[in-house]
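Here is how the chains run, residue by residue.
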Amino acid sequence: MKSDARVVVIGGGVVGTSVLYHLTKAGWKDLLLIERGELTCGSTWHAAGGMHTLNGDPNVARLQQYTINLYKELERISGQSCGLHMPGGIMLAGTRERFDWLKMAQARGRYLGMELELISAEEAARVFPIIDRKYFVGALLDPIEGHIDPYGVTHAYAKAAQIGGAQIVRHNRVVDLKARADGSWDVITEGGTVRAEQVVNAAGLWAREVGRMVGLELPVLAMQHQYLITEDLPSLKGQKELLTAIDFEGEIYTRQERGGVLLGTYERAGVPWSPTETPWDFTQSLLPEDLERIAPSLEVGFRHFPTLAEVGIRKVVNGPFTFAPDGNPLVGPIRGLRNFWVACGVMAGFSQGGGVGLTLSQWMVEGDPGADVWAMDVARYGDWATLAYTNAKVRENYSRRFCIRFPNEELPAARPLRTTPVYERLQAAHAVFGEYCGLEHPLWFAHSAKEAHEDITFHRSNAHPHVAAECRAVHEAVGLLEISNYGKFEVTGAGAEEWLARVMANRVPKVGRIALTPMLNERGKLIGDFTMSRLTEQRIFLICTWAAEVYYRRWFERHPPPTGVTLRPCAMEYVGLSLAGPRARALLQGLTRTDLSSAAFPFLSFRGMDIGMIPALVGRISFTGELGYEIWVTSEYQRALYDLLIAEGRAHGLRLVGGRALNTMRIEKSFGTWAREYRPIYGPHEAGLGRFVDFDKGDFIGRAAALEEQQSGGALRLVTFTIDARDADAAGDEPIWHDSRVVGWVTSGAYGHRTQRSLALGYIPAPLAAATEGFEIELLGERRRAQRESAAVLDPAGTRMRG
Ligand SMILES: Cc1cc2nc3c(=O)[nH]c(=O)nc-3n(C[C@H](O)[C@H](O)[C@H](O)COP(=O)(O)OP(=O)(O)OC[C@H]3O[C@@H](n4cnc5c(N)ncnc54)[C@H](O)[C@@H]3O)c2cc1C
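None of these values were measured; they are calculated from a predicted model.

Quick notes on the rules
- Residues numbered from 1 in each chain as written.
- Predicted model: local features only at pLDDT ≥ 70, side-chain atom pairs only at ≥ 80, totals over all residues.
- Heavy atoms only, no water.
- Helix = DSSP H or I, 4+ residues; strand = E, 2+ residues; numbered from the N terminus.
- Rg over C-alpha atoms; globule rule 2.2 N^0.38 Å.
- Buried < 20%, exposed > 50% of the residue type's maximum accessible area, 1.4 Å probe, protein only.
- Contact = heavy atoms within 4.5 Å.
- Lys, Arg positive; Asp, Glu negative; His and termini not counted.
- Charge placed at Lys NZ, Arg CZ, Asp CG, Glu CD.
- Pairing = 2+ DSSP bridges.
- Axes fitted to C-alpha atoms, helices over the stretch in contact; angles between N-to-C directions.
- Near = heavy atom within 4 Å.
- Areas by Shrake-Rupley, 256 points an atom, 1.4 Å probe, with all protein chains shown as cover.
- Nonpolar A, V, L, I, M, F, W, Y, C, P; charged D, E, K, R; others polar.
- Phe/Tyr/Trp six-rings, centres within 6.5 Å; stacked < 30°, edge-to-face > 60°.
- Core = buried A, V, L, I, M, F, W, Y, C linked by side-chain atoms within 4.5 Å.
- Expected span 1.5 Å × (residues − 1).
- Parallel < 35°, antiparallel > 145°, perpendicular 65-115°, else oblique.
- Left-handed = near helix turned anticlockwise from the far one by under 90°.
- Disulfide = S-S within 2.5 Å.
- Salt bridge = Lys/Arg side-chain N within 4 Å of Asp/Glu carboxyl O.

Asker: An account of the overall build of the protein is needed here, citing residue identities and associated values.
Answerer: A count of helical and extended segments in the protein gives 18 helices and 38 strands. Compactness check: the protein gives a C-alpha radius of gyration of 27 Å against a globular reference of 28 Å for 803 residues, within 12% of the reference. Summarising its shape, the C-alpha atoms of the protein cover approximately 80 × 65 × 50 Å along the three principal directions. Evaluated residue by residue, the protein yields a buried proportion of 62% over its 803 residues. When contacts within the protein are restricted to residue pairs at least 6 apart in sequence, those whose partners lie at least 24 apart make up 72%. Here the protein contributes 87 positively and 93 negatively charged side chains, and the mean placements of these two sets differ by 3 Å.

Asker: Outline the sheet that holds strand 27 (residues 566–569), supporting the account with residue identities and numerical values.
Answerer: Strand order in the open sheet formed by 5 strands is 24-25-26-23-27, with antiparallel pairing between adjacent strands. Because the sheet does not close on itself, it has two edges, and the strands there are strand 24 (514–520) and strand 27. Looking at each pair of strands side by side, their axes are set apart by 25 degrees on average, direction ignored. In this structure, strand 23 (residues 486–492) lies alongside strand 26 (residues 539–545), joined through 7 bridges in antiparallel fashion. Counterpart to valine 491 in the pairing with strand 26 is isoleucine 540. The sheet strands contacting helix 13 (residues 549–558) are strand 23, strand 24, strand 25 (526–536), strand 26 and strand 27, and the helix crosses strand 25 at an angle near 80 degrees.

Asker: Please give an account of the site of the ligand that cites residues and values.
Answerer: Every one of the 39 residues lining the ligand counts as a neighbour, but Glu35, Thr44, Gly50, Val346 and Gly349 are closest to it. If the ligand stood free it would expose 1000 Å²; the protein chains cover 97% of that surface. At the level of secondary structure, the elements contributing two or more residues to the shell around the ligand comprise helix 1 (14–25), strand 12 (221–230), strand 17 (313–323) and helix 8 (349–366). In terms of residue class, the shell around the ligand is made up of 21 nonpolar, 15 polar and 3 charged.

Asker: Got a sec to walk through the pairing of strand 20 (residues 431–436)? Specific residues and values, please.
Answerer: Of all 6 residues making up strand 20, 5 are buried, and the element is well covered by its neighbours. For strand 20 and strand 21 (residues 439–445), the ladder comprises 6 bridges, and the chain directions are antiparallel. In the sheet register, phenylalanine 433 faces strand 21, and the bridge partner there is proline 442. If you look at the hairpin formed by strand 20 and strand 21, you'll find 2 residues sitting between the two strands, and cysteine 437 has a positive phi there, around 55 degrees.

Asker: Explain the sheet that holds strand 32 (residues 654–656) residue by residue, including any values.
Answerer: Strand order in the open sheet made by the 6 strands is 29-30-31-28-22-32, with mixed pairing throughout. One side of each edge strand has no neighbouring strand; the edge strands of this open sheet are strand 29 (606–611) and strand 32. Across the sheet, the mean angle from the axis of one strand to that of its neighbour is 30 degrees, orientation sign disregarded. Two elements, strand 28 (residues 574–580) and strand 31 (residues 628–634), share 7 bridges in a ladder whose sense is antiparallel. Pairing of serine 578 across the sheet is with glutamate 630, part of strand 31.

Asker: Tell me about the packing of aromatic side chains, and name the residues and values.
Answerer: Applying the stated criterion across every chain, the model contains 36 aromatic pairs. An angle of 90 degrees between the planes, with centres 5.4 Å apart, marks the rings of tryptophan 384 and tyrosine 389 as edge-to-face. For tryptophan 384, a relative accessible area of 15% puts it in the buried group. Taking 6.4 Å as the distance between ring centres and 85 degrees as the angle between the ring planes, the aromatic pair formed by tyrosine 486 and tryptophan 632 counts as edge-to-face. Highlighted residues: tyrosine 486 in strand 23 and tryptophan 632 in strand 31, separated in sequence by 146 residues.

Asker: Tell me what's going on with the side chain of serine 533, and back it up with residues and numbers.
Answerer: Locating serine 533 in the fold gives a position in strand 25. In contact with serine 533, other than residues within four places in its own chain, are Arg513, Ile514, Arg539, Ile540, Phe541 and Phe606.

Asker: How would you explain the nonpolar core if you had to name every residue and give the values?
Answerer: Ranked by internal contacts, the top residues of the largest apolar core, which has 122 residues, are Leu177, Val187, Leu500, Leu542, Tyr552 and Phe556. Contact partners of leucine 500, with chain neighbours within four places excluded, come to Val491, Val508, Met532, Ile540 and Leu542.

Asker: Let's hear about helix 1: which residues, and what values?
Answerer: An α-helical turn contains 3.6 residues, so any two residues separated by three or four positions project in the same direction. Given a rise of 1.5 Å per residue, 12 residues ought to cover 16 Å, and the 16 Å separating the end C-alpha atoms of helix 1 matches this to within 8%. The set of residues buried in helix 1 consists of Val14, Val15, Gly16, Thr17, Ser18, Val19, Leu20, Tyr21, His22, Leu23 and Thr24.

Asker: Got a sec to walk through the pairing of strand 11 (residues 192–201)? Specific residues and values, please.
Answerer: Pairing analysis gives 6 bridges linking strand 1 (residues 4–10) to strand 11, with the strands arranged parallel. The residue bridging valine 8 from the neighbouring strand is valine 199, located in strand 11. Sheet topology places strand 10 (residues 185–189) next to strand 11; 5 bridges connect them, and they run antiparallel. Paired with aspartate 186 across the two strands is arginine 195, which belongs to strand 11. Both strand 11 and strand 19 (residues 340–344) contribute to a ladder of 3 bridges, which runs parallel. Considered in strand 19, the bridge of valine 199 is made with phenylalanine 340.

Asker: Please provide a residue-by-residue account of the packing of helix 1 against helix 5 (residues 150–163), values included.
Answerer: A pair of packed helices is captured by two measures, namely the crossing angle of their axes and the spacing between those axes. Where helix 1 contacts helix 5, the axes come no closer than 8 Å and their chain directions differ by 30 degrees. In terms of orientation, helix 1 lies roughly parallel with respect to helix 5. Crossing angle aside, the handedness with which helix 1 passes helix 5 is left-handed. Residues Val14, Thr17, Ser18, Leu20, Tyr21, His22 and Thr24 of helix 1 lie in contact with helix 5, whose contacting residues are Val153, Thr154, Tyr157, Ala158, Ala160 and Ala161. Residues of the contact of helix 1 with helix 5, tallied by class, amount to 8 nonpolar, 5 polar and no charged.

Asker: How would you explain the state of the cysteines if you had to name every residue and give the values?
Answerer: Applying the stated criterion across every chain yields a total of 0 disulfides. No disulfide involves cysteine 570; its nearest neighbouring cysteine sulfur is the one of cysteine 544, lying 9.4 Å away.

Asker: Can you break down the pattern of salt bridges residue by residue, with the values?
Answerer: The tally for this structure, following the rule as stated, stands at 51 salt bridges. With its nearest N and O atoms 2.6 Å apart, the salt bridge here joins glutamate 122 to arginine 133. Taken together, the positions of glutamate 122 in helix 4 (residues 121–127) and arginine 133 in the loop between helix 4 and strand 6 (138–142) put the pair 11 residues apart, joining distant regions of the chain. Relative accessible area serves as the criterion here: at 33%, arginine 133 is assigned to the partly exposed category. Residue arginine 314 pairs with aspartate 232 through a salt bridge whose shortest N-O separation is 3.2 Å. With arginine 314 in strand 17 and aspartate 232 in the loop between strand 12 and strand 13 (244–247), this pair connects stretches of sequence that are 82 residues apart. The exposure class of aspartate 232 is partly exposed, given its relative accessible area of 45%. Among the charged side chains, a network of salt bridges with common partners joins Arg208, Glu209, Arg212, Glu217 and Glu277.

Asker: Break down unusual backbone geometry for me, with residues and values.
Answerer: Peptide bonds are, in most cases, trans, and in most cases residues other than glycine have a negative phi. A cis amide bond links arginine 415 to the next residue, proline 416, at an omega of -10 degrees. The phi dihedral of aspartate 30 falls on the positive side, at around 65 degrees, and the residue is not glycine. Summarising the element assignment, aspartate 30 is placed in the loop between helix 1 and strand 2 (31–34). What makes aspartate 30 partly exposed here is its relative accessible area of 34%. Of note in this structure, aspartate 739 is not a glycine but carries a positive phi near 50 degrees. One can find aspartate 739 in the loop between strand 34 (735–738) and strand 35 (741–752). With relative accessibility at 57%, the residue aspartate 739 sits in the exposed group.

Asker: Residues and numbers for the packing of helix 1 against helix 2 (residues 58–78), please.
Answerer: Viewed as axis vectors pointing N to C, helix 1 and helix 2 meet at an angle of 70 degrees, and their least axial separation amounts to 13 Å. With respect to each other, helix 1 and helix 2 are oriented roughly perpendicular. Here helix 1 contributes Tyr21, His22 and Lys25 to the contact with helix 2, which in turn contributes Tyr66, Leu70, Glu73, Leu74 and Ile77. Looking at the contact of helix 1 with helix 2, its residues break down into 5 nonpolar, 1 polar and 2 charged.

Below, the structure written as structure tokens:
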């Protein structure tokens, strides 16, 4: 084995070999893959090999399309068969709700160029004759589905990588990793040490153990998973290959395996495998079969597919494979570690392995993944995703693999985990909570504990009238919102302004002022939206998206502040409450000696002040479009602040308001938010943030590309629509039609209670942005007329929030 390498990839499963192949494809040399056994000996070898394009996240779906399209190229380059079978797939709906869900899936597939076809139950029985038609109401057909041979695919990647110059060493375990001072790694193996400039952890079932070698606790857990293969079915003899199928009600997937059928389940009572430590001697191994555990699914399966009950079971496979808490892969560089990358938690290696390899190789070679990979970026998890948290969420995710996730549904596992000091008070006020990155936050408030429960639905839920009342209070009087669920950083030191001027696109505000700013990558794309609030010359607060804190910290490591400037994450040190509505000023003025008049404390002001006895930082800013104040205190004061505002608020008609109301109000104002309207596939001009990019302040990251975008106008435009909806509103990812063509997609949607309209924000091609008529937005399979608005539907001049 060589003693030096540019990259060492640890793990020769489908993912590690794909990363290796893609690095060679990108032109990198001096690559080494180290595998402790034979290639595929982890979870890859016993996989069922099924693959499909659909995914809850459209960007991951794109990478799945890429993966499936890659196999032919791979066969050509490597000369190795991937055992590709593409009979197409069918998703069977047993209920009306599931059929609605399939309509939404079909609609989402439209702007990804997928040709999905909805069919009746009769048609389903015709194209997929092994079902008993009476259990189904309809189905969705996808021509790009099938299965491959896991061994063939992995060896095809490996051979193609070797043809590209990469080396593969087998039967050699990596036992430790030691960082060198220059950022490279000593990869210590059973067969000697290799110095590697970069290391990729693609160790699949052992990714957690390899992570621990560098002090990381990666949020991955293996689950046991079973499938069985039946004896040959006489009815299949001489017929065209069966479609691959998913039967959601039975939590079953099937495909043809030679003359029989392979049937696997994601059972409710899923069982983790090796929850704390993965044994190193588990090589090319399987687990004892446990048909008892999957019996409820099998019973449904044999009812729904009665011909299967007529033949015996030839083989049962029980094997483990890993999941992240949300079921999407963990990919990317790790904050705090130089030259260390992960590509793990890949639960659908044959749909996603190619896309993961492509993404990671681009990230390593270009410094940027080249696509929007937020949904699988390892930085979406922070320290809160502990071993026990991961265990609870992975089990929940596994058992829900084939369940409908409703747009208003909150999942119960691992809760409550993170709470703010006012949590019990909000609970006593009948808050219905949501969870985001482990933190509880109120979604809306009910009148009683009995009522504090939301029905899950694609339509307007029982929360609708409550949210309406909350919005009315904010519009007519004043609302109190808990706003702790933001990321926060404090930047201090003499060079703070200079550094921020370089990493942010807008000018750093003067002392006592707030500025909104996009953060751009070198390609001029949006990687963040911040408010910069300047308390003193040398002390600036950054408020940003809570979910992206680790992602930002990793970016700031790449563009670190100079000596003398300190960047301090302080998300949970400062918690917040906000007041919004025309009575907000009068309420707050009753509690502080600081003059809050518009002349003394105008819109976008920021300063420290006492609220009663409580020292606070107060910003005059609005995400609702109404007069608003954000009040930040260190956590020990939050309860006192809450009590004070509630007591003082009685005279002003104060009402508690949750995140649902905030969301509809920001959409009425056409205000975007991270991970919805603002993502790394959009430029600031396209996203309507052009006015917050200051080209006159000197150079900053992404300036040249953003200037080019401004001059060319960009390809897309974020716009607001009013939809002629019935009792269901847009939720995100619905296709936007124009003149009977799909031209764009919705990023957010909600019913705007102050303006009494169903609203959506979404991207369309820039040349279409002048049209107001001719648009339709597809809601639950129905194309509803939509009108493009030329400005925010509520107070476009912003007089309410500035007044
Ligand atoms: C029963 C079953 C059915 C499945 N069906 C499907 C399906 O139909 N479709 C689908 O897409 N996916 C399916 N999967 C999931 C699929 O198997 C995984 O997504 C895939 O195998 C993940 O590949 P990987 O390369 O990440 O992990 P692994 O295959 O586990 O590869 C990791 C490799 O790293 C090596 N390694 C680990 N640590 C070290 C070390 N320290 N030193 C050297 N080498 C090391 C291991 O030996 C191993 O070979 C199924 C899984 C199971 C169990």
